[in-house]
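Observations on the three-dimensional arrangement
Spelled out, the chains give:
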Number of protein chains: 2
Amino acid sequence: MKELTFDAENCPISRISKVLQGKWSMVIIYVLSEGTLRFSEIHHKLPHITEVNLTKDLRMLEAYGVIHREVYPVVPPKVEYSLTDMGKDFLPILNSITDWAEKYTTK
Amino acid sequence: MKELTFDAENCPISRISKVLQGKWSMVIIYVLSEGTLRFSEIHHKLPHITEVNLTKDLRMLEAYGVIHREVYPVVPPKVEYSLTDMGKDFLPILNSITDWAEKYTTK
DNA sequence: CGGTATCCTCCGGGATACTG
DNA sequence: CAGTATCCCGGAGGATACCG
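Below or above, wherever it landed, is the structure these notes cover.

Conventions used here
- Residues numbered from 1 in each chain as written.
- Chains lettered and ligands numbered in written order.
- Predicted model: local features only at pLDDT ≥ 70, side-chain atom pairs only at ≥ 80, totals over all residues.
- Heavy atoms only, no water.
- Least-squares fit on C-alpha atoms with pLDDT ≥ 70 in both.
- Contact = heavy atoms within 4.5 Å.
- Buried < 20%, exposed > 50% of the residue type's maximum accessible area, 1.4 Å probe, protein only.
- Helix = DSSP H or I, 4+ residues; strand = E, 2+ residues; numbered from the N terminus.
- Pairing = 2+ DSSP bridges.
- Near = heavy atom within 4 Å.
- Polar contact = N/O pair within 3.5 Å; in protein donor to acceptor, adjacent residues only side chain to side chain.
- Nonpolar A, V, L, I, M, F, W, Y, C, P; charged D, E, K, R; others polar.
- Axes fitted to C-alpha atoms, helices over the stretch in contact; angles between N-to-C directions.
- Parallel < 35°, antiparallel > 145°, perpendicular 65-115°, else oblique.
- Buried area = accessible area lost by both parts, 1.4 Å probe.
- Salt bridge = Lys/Arg side-chain N within 4 Å of Asp/Glu carboxyl O.

**Some thoughts on the relation of the copies chain B and chain A**
Its rotation angle being 180°, the transformation that places chain B on chain A also includes 0.0 Å of axial translation and leaves an RMSD of 0.1 Å. Such a turn and shift between the copies fits a two-fold axis. For chain B, the residue whose C-alpha comes nearest the rotation axis is Gln21 of chain B, separated from it by 1.9 Å. Of the residues that chain B buries at the interface, 98% are likewise interface residues in chain A, meaning the two copies contact each other through the same surface.

**Considering the pairing of strand 3 (residues 78-83) of chain A**
Residues and elements named next belong to chain A. Burial of strand 3 is extensive: five of the six residues sit out of reach of the surface. Sheet analysis places strand 1 (residues 37-38) next to strand 3, joined by two bridges and oriented antiparallel. From the neighbouring strand, Arg38 faces strand 3, where its bridge partner is Glu80. Alignment of strand 2 (residues 67-72) against strand 3, held across six bridges, turns out to be antiparallel. Pairing of His68 across the sheet is with Ser82, part of strand 3.

**Concerning the protein's contact with DNA strand C**
Not every one of the 23 residues close to DNA strand C is listed here, only the nearest: Ser40, Arg59, Arg69 and Tyr81 of chain A together with Asn53 of chain B. Taking Arg69 of chain A, its side chain carries an N or O atom lying 2.6 Å from a phosphate oxygen of DNA strand C. Mapped onto the surface near DNA strand C, the elements with two or more residues apiece are helix 3 (39-45), helix 4 (51-63) and strand 3 of chain A together with helix 4 (51-63) of chain B. Here the residues of the surface near DNA strand C are counted per class, giving nine nonpolar, six polar and eight charged.

**What to know about the protein's contact with DNA strand D**
DNA strand D sits among 21 residues. The nearest are Asn53 of chain A together with Ser40, Arg59, Arg69 and Tyr81 of chain B. When atoms of DNA strand D within 4 Å of the protein are sorted by moiety, sugar and phosphate together comprise 67%. The side chain of Arg69 of chain B places a nitrogen or oxygen atom 2.6 Å from a phosphate oxygen of DNA strand D. One of the backbone nitrogen or oxygen atoms of Pro77 of chain B is found 3.2 Å away from a sugar or linking oxygen of DNA strand D. If you list the elements that add at least two residues to the surface near DNA strand D, you get helix 4 of chain A together with helix 3 (39-45), helix 4 and strand 3 (78-83) of chain B. Tallied by class, the residues present in the surface near DNA strand D amount to nine nonpolar, four polar and eight charged.

**Some remarks on the packing of helix 5 (residues 85-104) of chain A against helix 1 (residues 12-21) of chain B**
Closest axis-to-axis distance for the helix 5 of chain A/helix 1 of chain B pair is 9 Å, and the angle between their directions is 95°. By the criterion of interaxial angle, the relationship of helix 5 of chain A to helix 1 of chain B is roughly perpendicular. Counted together, Leu94, Ile97, Thr98, Trp100, Ala101 and Glu102 of chain A of helix 5 of chain A and Pro12, Ile13, Arg15, Ile16 and Leu20 of chain B of helix 1 of chain B form the full contact between these two elements. Of the residues contributing to the contact of helix 5 of chain A with helix 1 of chain B, the split by class is eight nonpolar, one polar and two charged.

**Some details on the packing of helix 5 of chain A against helix 5 (residues 85-104) of chain B**
Interhelical geometry of helix 5 of chain A versus helix 5 of chain B gives an angle of 170° and a closest axis separation of 10 Å. Compared by their axis directions, helix 5 of chain A and helix 5 of chain B come out roughly antiparallel. On helix 5 of chain B, the residues touching Asp85, Met86, Asp89, Phe90, Ile93, Ser96, Ile97, Trp100, Lys103 and Tyr104 of chain A of helix 5 of chain A are Asp85, Met86, Asp89, Phe90, Ile93, Ser96, Ile97, Trp100, Lys103 and Tyr104 of chain B. Of the residues assigned to the contact of helix 5 of chain A with helix 5 of chain B, the class counts are twelve nonpolar, two polar and six charged.

**Here's the deal with the sheet that holds strand 3 of chain A**
Residues and elements named next belong to chain A. The sheet built from three strands is open, its strands ordered 1-3-2 with antiparallel pairing. At either margin of the open sheet sits one strand with a lone partner, and together these are strand 1 and strand 2. Packed on one face of the sheet, helix 4 meets strand 2 and strand 3 and runs near 115° to strand 2.

**Re the interface of chain B and chain A**
Each partner contributes residues to the interface: chain B has 46 residues there, and chain A has 45 residues. Taken together, the two surfaces of chain B and chain A that pack against each other cover about 4600 Å², and 70% of this comes from carbon and sulfur. Here chain B and chain A share two salt bridges between them. Two residues, Asp89 of chain A and Lys103 of chain B, come together in a salt bridge whose shortest N-O distance is 3.1 Å. Here chain B is connected to chain A by eight residue pairs in polar contact (both at pLDDT 80 or more). Elements with a contribution of two residues or more to the side of chain B that touches chain A: helix 1, helix 2 (25-31) and helix 5 of chain B. Across the side of chain B that touches chain A, the residue classes tally to 23 nonpolar, ten polar and 13 charged.

Functional significance is not addressed by these values, which are geometric in nature.
Put into structure tokens, the structure is as follows:
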């Protein structure tokens, strides 16, 4: 493995950990893996997260460049979320994590 | 991708997310990737984490089966930490995450 | 429809000091 | 050496209500 320092500046793990630390980050990425979704569609798939926190997490993922937010200036409002290339590149990792978790954890 | 439900009971992502949510979890796994380490050695490699939280995280990782804690009944105390098979299986994932973070984030 | 505003609680995580 | 014991604080995340 590569040699790393363990501060947020130089360590890629520390740098990206904020994204993965969110309770809902990975699940949001997962539901967006199937394609573009509107805010309400995401919320419908993830009813356990509140609108406040869904908004917060979506903005955070957007800030990190994982997802793209497209606003259509229509009435009623229409906003679509989709994975960026960065987000799509995370999908195989997410699959690995899922497999790993399934192998070693039990219901 | 597989079909999942998104509660901690049935969704492997949700089930394992606690492990990855910890600020230091992944870095601890990383430093243990090179081999067995004593408490003080881990702490030396990760000086930014307090002993309290290092202890807490180590116990959590142990509870999830990611690391093994071996206590030697000697004076002064000697405790060694190492990765379990589950922990070792996570290393390629950790590498992927590191590469992904390096590719898309900047210092 | 896609959010905000507000309030509240819990706990992750830091700082410091102490111990078997 | 390998932790505990306390104290403290910010912020994650939930609940509810409201808005352009």
